[in-house]
Amino acid sequence: MSCVLVVGKEHPLAKEHQVTTAQIDRERLILFERGASIRRTTDGFFKNAGIGPDVALESNDTHFIKLMVERGLGISLLPAWAVRDEVAADKLARRRIEGHR
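The present account deals with the structure reproduced in this document. Everything numeric here is computed off the predicted structure, so don't read it as measured data. Throughout, residues of each chain are indexed from 1 in the direction in which the sequence is written. Residues qualify for local features only when their pLDDT is at least 70, as the model is predicted, and side-chain atom pairs are given and counted only at 80 or more; totals for whole chains, interfaces and linings, by contrast, use all residues. Side-chain numbers come from the whole structure's heavy atoms, not from hydrogens or water.

Right, let's get into the sheet that holds strand β5 (residues 76–79). Within a sheet, neighbouring strands are paired by backbone hydrogen bonds and run either parallel or antiparallel to one another. Pairing is mixed in the open sheet, where four strands are placed in the order β2-β6-β1-β5. Since the sheet does not close on itself, it has two edges, and those belong to β2 (18–19) and β5, each with one partner. Strands qualify as paired when DSSP identifies two bridges or more between them. By definition, any uninterrupted DSSP run of H or I lasting at least four residues is a helix, any uninterrupted run of E lasting at least two residues is a strand, and each is numbered from the N terminus. Where strand β1 (residues 3–8) lies against strand β6 (residues 92–97), four bridges are found, and the strand directions are antiparallel. Paired with G8 across the two strands is L92, which belongs to β6.

Bringing helix α2 (residues 37–49) into the picture now. Between its terminal C-alpha atoms α2 stretches 18 Å, which fits the 18 Å expected from 13 residues at 1.5 Å a residue. Note on classification: 1.4 Å probe, protein chains only; a residue is buried when its accessible area is under 20% of the maximum for its type, exposed when over 50%, partly exposed between these limits. Listed as buried for α2 are I38, R39, T42, F45 and F46. The arc that holds every buried residue of α2, seen down its axis, measures 120 degrees, which confines them to one face. Facing away from the buried surface of α2 by more than 90 degrees, the exposed residues are R40, K47 and N48. Only heavy atoms matter for contacts: two residues are in contact if any of them lie within 4.5 Å across the pair. Those residues of α2 that are buried lie in contact with β1, α1 (21–25), β3 (28–32), β4 (54–59), β5 and β6. In the stretch just after α2, G50 is the one whose phi turns positive, near 75 degrees. Expected span of a helix, by definition, is 1.5 Å for each gap between consecutive residues, and there is one gap fewer than residues. The arc refers to the directions leading from the helix axis to the C-beta atoms.

Spelled out as structure tokens, the structure:
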């Protein structure tokens, strides 16, 4: 599953073209609940990157996660297809993670 980092358009990371894993490690994350396939993917990413995310919220509702990120309550890793419309509408900013696909 291909995940992308998304931040609210007013978030400081929205001004960056790429972010580092160290920058992500300092942020509050809004993630899917444990047990979901996407959560296993994101947890694997965090483990491989050597970071321990500060999880602010967990939900199984993609719309809720996107809304919370849009409102600036945290950042998230979500499937690229799930944020396509919000990125196009300039509600969310999609950012590359340095050294990762």
